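# Working through the structure, step by step
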Amino acid sequence: MKLYCLSGHPTLPCNVLKFKSTTIMLDCGLDVTSTLNFLPLPLVQSPRLSNLPGWSLKDGNAFLDKELKECSGHVFVDSVPEFCLPETELIDLSTVDVILISNYHCMMALPYITEHTGFTGTVYATEPTVQIGRLLMEELVNFIERVPKAQSASLWKNKGIQRLLPSPLKDAVGVSTWRGCYTMQEVNSALSKIQLVGYSQKIELFGAVQVTPLSSGYALGSSNWIIQSHYEKVSYVSGSSLLTTHPQPMDQASLKNSDVLILTGLTQIPTANPDGMVGEFCSNLALTVRNGGNVLVPCYPSGVIYDLLECLYQYIDSAGLSSVPFYFISPVANSSLEFSQIFAEWLCHNKQSKVYLPEPPFPHAELIQTNKLKHYPSIHGDFSNDFRQPCVVFTGHPSLRFGDVVHFMELWGKSSLNTVIFTEPDFSYLEALAPYQPLAMKCIYCPIDTRLNFIQVSKLLKEAQPLHVVCPEQYTQPPPTQSHRMDLMIDCQPPAMSYRRAEVLALPFKRRYEKIEIMPELADSLVPMEIKPGISLATVSAVLHTKDNKHVLQPPPRPAQPPGKKRKRVSEDIPDCKVLKPLLSGSIPVEQFVQTLEKHGFSDIKVEDTAKGHIVLLQEAETLIQIEEDSTHIICDNDEMLRVRLRDLVLKFLQKF
Amino acid sequence: MDPECSRLLPALCAALADPRQPLADDTCLEKLLDWFKTVTEAESSLLLLQENPALVELLSHVLKSQDMSSRVLSFSLRLAGTFAAQEDCFLYLQQGELLLGLFGEGGPQCWAAWSVPTVRSGWIQGLRSLAQHPCALHFLADSGAVDTIFSLQGDPSLFVASAASQLLVHTLALSMQAGATGCSGLWDGVWPACAQKIMGHLEESLQSTAAPQVTQALNVLTSTFGRCHSPWTETLWGQLCPLVARLLERTPIPAAHSLVDLLLSVARSPALSSSHGRLWEAVAQALRCLSPMQAGSLALGMLKLPHCPQALRVQAFGVLLQPLACVVKATAQAPGPPGCSMWPPGWLDGAEGSSLTVDTLLSSKSACVGILCQTLAQLEELQPLPQRPAPWPQEPLLGAAVTILRLCHGSATSSSSGGGRLCATLAGCVRVQRAALDFLGTLSQETRSQELEKEVFAVLSEYLGSPDSSPTVLKKAFQTTLRWLLSSPRTPGCPDLGPQPLLFLRELFPVLQKRLCSPSWEVRDSVLEFLTQLSRHWGGQADFRRALLASEVPTLTQQLLQDPESYVRASAVAAAGQLSSRGLQAAPDSPEHPQAQQGLLGELLCILSTDSEGFPRRAVVQVFTEWLRDGHADVARDTEWFIATVLQVVSQDLDWEVRVQGLELAQVFLVQRLGQPRCPYMVALPEAASATPIPEVLQSLCRLRLFDFAFRALLDCDRPVAQKACELLLFLKDKTAMCGGLQEAGDIPGSASGQVTLQRWRAGEQGQLPGDLQPEAMLALLRSTDLEGLQARLAQSSDHMEKSPQSLLQDMLATVGVLGENEADCY
């Protein structure tokens, strides 16, 4: 069993598991942090961005000044943003049989895999994962495509040149494999390969393994996967949460007794407690708005935003913010808000019960109804008519490199009354803000990551008791910035096996058993013999038939008819059935055996104990009988008669059938 | 005994003896027993029994019929004990073999009812009551009761087991007392038989291998040394001390908790001064051998003793300091000396052996949290005591508290594996955080270096600013901050804050600002309380005023007057009131804003009259009272209007606390107008001329309808309101005693109608005192009302009428009677 690790990002994993002749890709995450190296794509022409000076080498050589721009000491690529794809060279991706998706954030690289690698398999995901994943992809494509950029920089990727660049460009890995965004057509084609599944549904893969999605509690439709055969069980835990937010709670019980547990997608901010962060978010939002400032919340169009809106729904009246408008701007804002209300079966119990009242499960419906929350596909159109300040704007993309957020950063960045509050944990806020420097607006970092923290993981592992844990290497040591926090790492026995990008792990467990079915008529013909109390044996003569990883024992064909009556061809097909020698069982008690030998006229018998058993030496006959646990050898010098005599004496002590 | 009660007793005893008459509840039996106790304290029990033969009949009946309810049986046992406490009555009851039947070996112990814990408990309590004289002692020895008591020590019911232990202690003491000879009453060194028996039992138990038995013996001894301080206890200790010391040699030490209690009890006993030597040895051994958790309690107890030898004090303090020293050592950047040398030399020497044990303890989460919380609480308890160890290691303790807080917060940096482990164990632990913050607060009372003060303020800043601080931790952090700010050393002759606190305060306001917007109401509430305290202390200080006014805290405070949570509104009222008294209120944003126009006074009046919750309304009246006392400008502008308006609103309030506080406000007003109440013990000073002549004051009181308010409150259905009103009117009566003519009430116009109105109010009718009442009429009304009598009546608790034994007996009989009737109806 092997694990091929195609992504180095612990929360955007992409691994391939080879297990019992199946090749299963676990998640298909796209590392978007590469876009932080690029200049933002403004929706409206930005004089500031277009007038940034080109970057030149220390010696004044300015041949890169068209591709690289400098802003407040940082260098950015002036080009269409590109993404860091999963490794494609480590394994032939056309051999991947299935892709299992655990949540909508972990499927963003799907079009690259399904459309460009010769992939012919099936993708499995839950319905909300697919629907919301589609929204995220649609938003991404829309953000990139609506601001076409004439220039595409590639010179800087040249290895010789990249070495000369300042950090972090110099240290970026595999820049030659970075790719621009996919198209909507590719998205649709990729999504068409997905087969929808429900929690606890058992899906057979070629008869060899069974895969089952389990609720992971992190997002709408998010799942962990169980991959099991008759005798082996692998759990894949990715992006799970034990907090009470909107999704169905995590199913922990089914993860018990795994041979291997692959653990990815833990919280990226282990030191920040989501409750405290929501408090910070609300307090800072209220403070800014009270002072007449605007609040910008760069976010994804689905996920934590639902919880934030719910918190605000309870908070705004108490904080006297009822008159402040909340805007949610995204090409998919409407669909996201609507979708969240229709996936009732995927929601937590509280929200599910609301549906029967009937009430919308999320209170943002009421915010929309009362006009407190308004949503728009983009800043153009209706939004510009309704726009009123001070206000709170939720919009993407959280990397601040594309999407409507770029416009608001340019618009509000100059005033210290305004605040940008980062709630998504995927990007370093300092790096995200780098191309906007100098910036007057206040920046608040309240990352809300509801995924498992290390305390929860250690409890989970204690309960699930897996034999082996496999995880990204980042989880096996404290974070580099807090090297003293020994609590911020996975602590389990035996220690977790770690992987990094482009590594192949041989998972430490061997398959020992295979299940075989016996046909009823064959079973009927068996005559078990009890060889000791509780243990019966029967000899079986059968044909082992293997197809689609299922093994069946069928009755053997009838013995050959006398020749002449059957046609020759038929008799050729019948396997050669020799007369079967009886099977032997039992053990030889040495003392009694020696007595028997003496009775039969052998004398001068010596017995020696060896590590494995005994040697009976018949000195007179110059013969040696080696008795071991599972074999007996009679060594005599070319005296077949003697050998047969001795053999028969040995056989007297054994049972035959 | 009351003849009426005597008359009721036979019927009651008959009812009790009748098993078909179930009692309504246990409490009446308890009350009945209490009453008998009072009666027997005042009268002869023998006489009582002779005059009321029904009582003896009841007891004999109990003996005869074994199907009594367990409650009545238990009651009878206790009752018999109460009577037999007097020697003559004891003899009387013994003649009839009653006592032997009830408490002897063939008594209830053989009955089925013995399995009920109440019966066993009643048996013990009965014996405990009767064991008051030498006859009783003989009875105990002869009847075999002592052996039963021994066995009851291990009773499954904790109440019974504990009562049995207490009875043993009492019996031992009584026996020793009886053994005392001569008129001096001194013990002659020979143990009486009963005492010997108990001693033997105790010695045997102490040598037992079963931990429960050891615990029982230790508990008996602990109570004995705690209660009896006669010379014989010294001999007792001398005899048992080696056995106790031997317990310390066992592994694991049995009943360690009880052992600690015993050692402390012996150490505290004044009778054992000469045999303390052996005690100190045992204590020193215990401090070495016991687990750190148990040794901690013993160490604290020892340090509290005024006469504890110095060597032992050093050892005990070492035990207390050890866990903190281990934490500091584990987190010290460089291993070795720096961590240890912080502590005063000698303190930790004796405890080196336990350092390993403590280290192991710190490795498990629950043990680590337990020992740190205990240690911090113990040191906190020790700090203010005069007998605390000297020199007090203030700096290392401060360092340790700060380190623990940093560990809990995850901000302590440590390269060592021990430090990392501690960090993992303590990160986010609310219990330790609270204990450490409390301890840090206590340490604020000591002198400290500027360097450490900076550290403390830095860690407090971390806690106050961190989004991860839980609301309870945050509240503690605010309290600790306040203590540190208050105790911060000031430059002599300058009332201003020191540079360190000032710097801290400047950084604090943005944090407070953010916290005031917190979605958690507990947080908003704590901040407001903190702010009220801050401005109470530094409201007049220029730097503080500047920092506060530069922030949005005053505006946010005013906005929180509209908070949806009533506790927060109440705290906001207090804070805004305090800020306003200090002239620190928010500048109105826009003059046309309605709230800005009406000012804080208007807003508070609005809360008082419209808020649906009691807390904010109570807070408003408190603020108004404070404003009146301090002469707040808004109040001083037109005090009469202010008083009249507030009293009118308050009089309609449904919350009695608001009404009481309204009366308090009225009293402050009266004191301001009429001067302080006369104190009978005060040295007669030349009376300061009252600002206003009394007739004029009375005139204004009539105008403000203060009389109306006070008289109505006098008849309030809530007793505290009536009491307060009574106090107020008595003050007024006293102040106006010398004023006005001697006219009879009836002669003054309006006075009669006033009386009528009062009567009507009493009857629950609505109505007002005649509006145009003249001061004379009021005065007359005041004088004609029996305020003193009313005050005495109000001082009695509301159930004084129902407390009489007669009514108790009647009630019990009535219940029985009703049940009887129902039974008849069934047929």
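Here the structure is a predicted model, which is why all the values come from computation and not from measurement.

### Some details on the overall build of chain A
Scanning chain A from N- to C-terminus turns up 18 helices and 33 strands. Here chain A has a C-alpha radius of gyration of 35 Å; the compact-globule value for 657 residues is 26 Å, and the former is much larger. Across the 657 residues of chain A, 51% fall into the buried class. Sequence separation of at least 24 residues holds for 70% of the intrachain contacts in chain A that already meet a minimum separation of 6. For chain A, the computed accessible surface area is about 30,900 Å², with 51% contributed by carbon and sulfur atoms. Across chain A, the centroid of the 57 positively charged side chains sits 3 Å from that of the 68 negatively charged ones.

### A few points about the domain arrangement of chain A
Domain parsing of chain A yields domain 1 (2-266 + 453-506), domain 2 (274-445) and domain 3 (584-656). On a C-alpha basis, the centroid separation for the pair domain 2 of chain A and domain 3 of chain A is 88 Å.

### Examining the packing of aromatic side chains
This model, assessed by the stated rule, comprises 35 aromatic pairs over all chains. Seen from their ring centres, F339 of chain A and F343 of chain A are 5.7 Å apart, and the 25 degrees between their planes marks the pair as stacked. Centroid distance W114 of chain B to W123 of chain B: 5.5 Å. Interplanar angle 90 degrees. Geometry classified as edge-to-face. Of the two residues examined, W114 of chain B and W123 of chain B, each falls in the buried class. Put simply, the rings of Y327, Y376, F383, F387, F408 and W412 of chain A pair up and form one aromatic cluster. Lying over the aromatic face of F362 of chain A, K351 of chain A brings its terminal NZ or CZ to 4.9 Å of the ring centre.

### Considerations on the interface of chain B and chain A
Across the contact, 22 residues belong to chain B and 21 residues belong to chain A. Each partner contributes to the roughly 1,700 Å² buried at the junction of chain B and chain A, and carbon and sulfur atoms together form 58% of this total. Among the ionic pairs, K514 of chain B bridges to E280 of chain A, the shortest N-O distance being 3.0 Å. The interface formed by chain B and chain A contains seven residue pairs in polar contact (both at pLDDT 80 or more). Mapped onto the side of chain B that touches chain A, the elements with two or more residues apiece are α23 (417-426), α27 (499-516) and α30 (553-559) of chain B. For the side of chain B that touches chain A, the leading source of residues is α23 of chain B, giving three residues. For the side of chain B that touches chain A, the per-class residue count stands at nine nonpolar, ten polar and three charged.

### Some words on the packing of helix α22 (residues 394-409) of chain B against helix α25 (residues 450-465) of chain B
Residues and elements named next belong to chain B. Relative to each other, α22 and α25 sit at 25 degrees, their axes nearing to 10 Å. Taken as axis vectors, α22 and α25 run roughly parallel relative to one another. By crossing handedness, the relation of α22 to α25 is classed as left-handed. On α25, the residues touching E395, L398, G399, V402, L405, R406, C408 and H409 of α22 are L452, E455, V456, A458, V459, E462 and Y463. Residues that form the contact of α22 with α25 fall into these classes: nine nonpolar, two polar and four charged.

### Let's talk about the nonpolar core
Grouped together as the largest cluster of nonpolar side chains are 374 residues, with contacts concentrated most on F394 of chain A together with M302 and F624 of chain B. Mapped onto the domain boundaries, this core takes at least three residues apiece from domain 1 (2-266 + 453-506) and domain 2 (274-445) of chain A. Among residues more than four places away in sequence, those in contact with M302 of chain B are L263, L264, A267, W280, V283, C308, L312 and A316 of chain B. Grouped together as the second largest cluster of nonpolar side chains are 26 residues, L17, L205, I227 and I262 of chain A included.

### As for the pattern of salt bridges
Applying the stated rule across the entire model yields 44 salt bridges over all chains. The partner of R643 of chain A in a salt bridge is E640 of chain A, with the nearest N and O atoms 3.1 Å apart. Here E640 of chain A and R643 of chain A lie together in helix α18 (residues 640-652), a separation of three residues that amounts to about one turn. The class of R643 of chain A is partly exposed, set by a relative accessible area of 28%. Here E640 of chain A falls in the partly exposed class, since its relative accessible area comes to 47%. Note that D718 of chain B is salt-bridged to R659 of chain B, the shortest N-O span being 2.9 Å. Here D718 of chain B, found in the loop between α38 (706-714) and α39 (719-735), pairs with R659 of chain B, found in helix α36 (residues 656-674); they are 59 residues apart in sequence, far enough to count as distant. On the basis of relative accessibility, which here comes to 10%, the residue R659 of chain B falls in the buried class. Among the ionic contacts, a cluster of salt bridges with common partners joins R629, E664, K724 and E727 of chain B.

### Notes on helix α14 (residues 454-464) of chain A
All names here are of chain A. Along α14, the residues that are buried comprise F454, Q456, V457, L460, L461 and A464. Along the axis of α14, the buried positions cluster into a sector of 150 degrees, meaning they face one direction only. In α14, the exposed positions angled more than 90 degrees off the buried face are occupied by I455, K459 and K462. Residues of α14 that are buried in the fold lie against β13 (260-264) and β20 (468-472). Of the residues trailing α14, Q465 is marked for its positive phi of about 50 degrees.

### Some words on the UniProt feature "domain: Beta-Casp" (unreviewed entry) in chain A
Feature annotation in UniProt places "domain: Beta-Casp" (unreviewed entry) on residues 305-433 of chain A, given in this structure's numbering. Secondary structure over residues 305-433 of chain A splits into 43% helix and 12% strand, and the C-alpha atoms at its two ends are 21 Å apart.

### Examining the sheet that holds strand β27 (residues 550-554) of chain A
Residues and elements named next belong to chain A. Taken in spatial order, the three strands make up an open sheet running β23-β27-β26, and their pairing is mixed. Every other strand in the sheet has two partners, leaving β23 (516-518) and β26 (543-547) as the edge strands with one partner each. Strand-to-strand twist in this sheet, taken as the mean axis angle between neighbours without regard to direction, amounts to 30 degrees. Here β23 runs beside β27; their pairing, made up of three bridges, is parallel. Bridge pairing links I518 to L553 in β27.

### Describing α23 of chain B
All names here are of chain B. Counting buried residues in α23 gives seven out of ten residues, a clear majority hidden from the surface. Of the residues making up α23, those classed as buried are G418, G419, G420, L422, C423, T425 and L426. Following α23 by one or two positions, G428 adopts a phi angle in the positive range, close to 75 degrees.

### Thoughts on unusual backbone geometry
Along the chain, T251 of chain B connects to P252 of chain B via a cis peptide bond; the corresponding omega equals -10 degrees. Inspection of the secondary structure puts P252 of chain B in the loop between α14 (232-249) and α15 (256-268). For the bond from A390 of chain B to P391 of chain B, the omega torsion is 0 degrees, close enough to zero to count as cis. Mapped onto the fold, P391 of chain B is located in the loop between α21 (365-382) and α22. Phi at N257 of chain A takes a positive value of approximately 60 degrees, unusual for a residue other than glycine.

### Description of the sheet that holds β20 of chain A
All names here are of chain A. If you trace the seven strands from one edge of the open sheet to the other, you get β9-β10-β11-β12-β13-β20-β21, paired in mixed fashion. Edge strands, defined here as strands with exactly one partner in the open sheet, are β9 (203-205) and β21 (497-499). Adjacent strand axes in the sheet meet at a mean angle of 20 degrees when their direction is disregarded. Pairing geometry for strand β11 (residues 223-228) and strand β12 (residues 233-238), over four bridges, is antiparallel. In the strand pairing of β12, I226 is matched with S235.

### Quick notes on the pairing of strand β7 (residues 122-126) of chain A
All names here are of chain A. With four of five residues buried, β7 lies mostly within the body of the structure. Sheet analysis places strand β6 (residues 98-100) next to β7, joined by three bridges and oriented parallel. Within β7, the residue paired with L100 across the bridge is Y124. The parallel pair β6 and β7, bridged by helix α2 (residues 110-116), forms a crossover whose chirality is right-handed. Pairing between β7 and strand β8 (residues 194-197): four bridges, direction parallel.

About the thresholds
Residues numbered from 1 in each chain as written. Chains lettered and ligands numbered in written order. Predicted model: local features only at pLDDT ≥ 70, side-chain atom pairs only at ≥ 80, totals over all residues. Heavy atoms only, no water. Helix = DSSP H or I, 4+ residues; strand = E, 2+ residues; numbered from the N terminus. Rg over C-alpha atoms; globule rule 2.2 N^0.38 Å. Buried < 20%, exposed > 50% of the residue type's maximum accessible area, 1.4 Å probe, protein only. Contact = heavy atoms within 4.5 Å. Areas by Shrake-Rupley, 256 points an atom, 1.4 Å probe, with all protein chains shown as cover. Lys, Arg positive; Asp, Glu negative; His and termini not counted. Charge placed at Lys NZ, Arg CZ, Asp CG, Glu CD. Domains from an automatic or database assignment. Phe/Tyr/Trp six-rings, centres within 6.5 Å; stacked < 30°, edge-to-face > 60°. Lys NZ or Arg CZ within 6 Å of the ring centre and 35° of its normal. Buried area = accessible area lost by both parts, 1.4 Å probe. Salt bridge = Lys/Arg side-chain N within 4 Å of Asp/Glu carboxyl O. Polar contact = N/O pair within 3.5 Å; in protein donor to acceptor, adjacent residues only side chain to side chain. Nonpolar A, V, L, I, M, F, W, Y, C, P; charged D, E, K, R; others polar. Axes fitted to C-alpha atoms, helices over the stretch in contact; angles between N-to-C directions. Parallel < 35°, antiparallel > 145°, perpendicular 65-115°, else oblique. Left-handed = near helix turned anticlockwise from the far one by under 90°. Core = buried A, V, L, I, M, F, W, Y, C linked by side-chain atoms within 4.5 Å. Arc of directions from axis to C-beta. UniProt positions renumbered as here; feature names shortened; annotations may be inferred. Pairing = 2+ DSSP bridges. Right-handed = clockwise from strand over helix to strand, strands pointing away.

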